[in-house]
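Coordinates in review
Listed below, chain by chain, are the residues.
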Amino acid sequence: MGNSRAWNPVVEQLAADRPVVAYDHRGHGESTNTGDAATYTFDQLVADMTGFVDAIGLERFHVLGHSMGGVVSMRYTCDNPDRIASLIPMDTAAAASPDSDEGNVAFRRQGTEIAGTQGMQARVDTTNAASPA
């Protein structure tokens, strides 16, 4: 549900001694939403990241991946260790967490359905409404 704009408050500090690129994965922020659930796999997201860093000419770089982006960044790093100067997986896990709580499972399924039919902004709005704090 996040996007590259979430980094706006810290980009200036991070960019003090290095170039900074904030990236939207497909279906997030300003990226393309294909509307096809089959195109949202970790293999595809890693391929997207590879194409992106190749297209902008990054040879060796630091990467910070947040949440799902952390999983993508870890997988990218495993495939391309010589290109990564450092990796920071933030608020992430090595894989999707197992579904253990029925209420959370139902909420996630509902969120997935909303995102698939109404888009990510509707998913964000639903989540915010459910947990206003």
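Residues numbered from 1 in each chain as written. Predicted model: local features only at pLDDT ≥ 70, side-chain atom pairs only at ≥ 80, totals over all residues. Heavy atoms only, no water.

Counting 9 residues, the largest nonpolar core consists of Leu45, Val46, Met49, Val53, Phe61, Val63, Val72, Tyr76 and Ile84. Taken together, the elements giving at least two residues each to this core come down to helix 2 (42-55), strand 1 (61-66) and helix 3 (68-79). At 4 residues, helix 2 tops the list of elements feeding residues into this core. Those residues in contact with Val46 that lie beyond four places of it in its chain are Val72, Arg75, Tyr76 and Asp79. (Core = buried A, V, L, I, M, F, W, Y, C linked by side-chain atoms within 4.5 Å. Buried < 20%, exposed > 50% of the residue type's maximum accessible area, 1.4 Å probe, protein only. Helix = DSSP H or I, 4+ residues; strand = E, 2+ residues; numbered from the N terminus. Contact = heavy atoms within 4.5 Å.)

It is worth spelling out the pairing of strand 2 (residues 84-90) at this point. Successive side chains on a regular strand alternate, one facing one side of the sheet and the next facing the other. One ladder, built from 6 bridges, connects strand 1 with strand 2; its direction is parallel. The residue bridging Phe61 from the neighbouring strand is Ile84, located in strand 2. With respect to chirality, the unit in which strand 1 leads through helix 3 into the neighbouring parallel strand 2 is right-handed. (Pairing = 2+ DSSP bridges. Right-handed = clockwise from strand over helix to strand, strands pointing away.)

With 12 residues, helix 3 extends 17 Å from end C-alpha to end C-alpha; this agrees with the ideal 16 Å at 1.5 Å per step. Taken as a whole, helix 3 has its buried residues at Gly69, Gly70, Val71, Val72, Ser73, Tyr76 and Thr77. For helix 3, the elements touching its buried residues are helix 2, strand 1 and strand 2. (Expected span 1.5 Å × (residues − 1).)

With that out of the way, let us pick up the packing of helix 2 against helix 3. Their axes nearest at 9 Å, the elements helix 2 and helix 3 cross at an angle of 70°. The orientation of helix 2 relative to helix 3 falls into the category roughly perpendicular. The chirality of how helix 2 crosses helix 3 is right-handed. Mapping the contact onto sequence places Phe42, Asp43, Leu45, Val46, Met49, Thr50 and Val53 in helix 2 and Met68, Val71, Val72, Ser73, Arg75, Tyr76 and Asp79 in helix 3. (Axes fitted to C-alpha atoms, helices over the stretch in contact; angles between N-to-C directions. Parallel < 35°, antiparallel > 145°, perpendicular 65-115°, else oblique. Left-handed = near helix turned anticlockwise from the far one by under 90°.)

Attention now moves to the packing of aromatic side chains. Applying the stated criterion to the full structure yields 2 aromatic pairs. Between Tyr23 and Phe52, the aromatic rings sit 4.6 Å apart at their centres with planes inclined by 35°, giving tilted as the arrangement. Taken as a pair, Tyr23 in the loop between helix 1 (8-14) and helix 2 and Phe52 in helix 2 lie far apart in primary sequence, 29 residues in all. Overall, Tyr23 belongs to the partly exposed group, its relative accessible area being 25%. Note on Phe52: relative accessible area 26%, which makes it partly exposed. Measuring from centroid to centroid gives 6.0 Å for Phe61 and Tyr76, while their planes differ by 40°, and the two rings are tilted. Taken together, the residues Phe61 in strand 1 and Tyr76 in helix 3 connect sequence positions 15 residues apart. (Phe/Tyr/Trp six-rings, centres within 6.5 Å; stacked < 30°, edge-to-face > 60°.)

Here the focus is the pattern of salt bridges. Applying the stated criterion across every chain, the model contains 5 salt bridges. Across the pair Glu30 and Arg5 runs a salt bridge whose closest N-O atoms are separated by 3.0 Å. With Glu30 in the loop between helix 1 and helix 2 and Arg5 in the segment before helix 1, this residue pair connects regions lying 25 residues apart in the sequence. With its nearest N and O atoms 2.6 Å apart, the salt bridge here joins Arg83 to Asp54. With a gap of 29 residues between them, Arg83 in the loop between helix 3 and strand 2 and Asp54 in helix 2 connect regions that are remote in the sequence. Residue class for Arg83 comes out buried when judged on its relative accessible area of 18%. When its relative accessible area of 41% is taken as the criterion, Asp54 is described as partly exposed. (Salt bridge = Lys/Arg side-chain N within 4 Å of Asp/Glu carboxyl O.)

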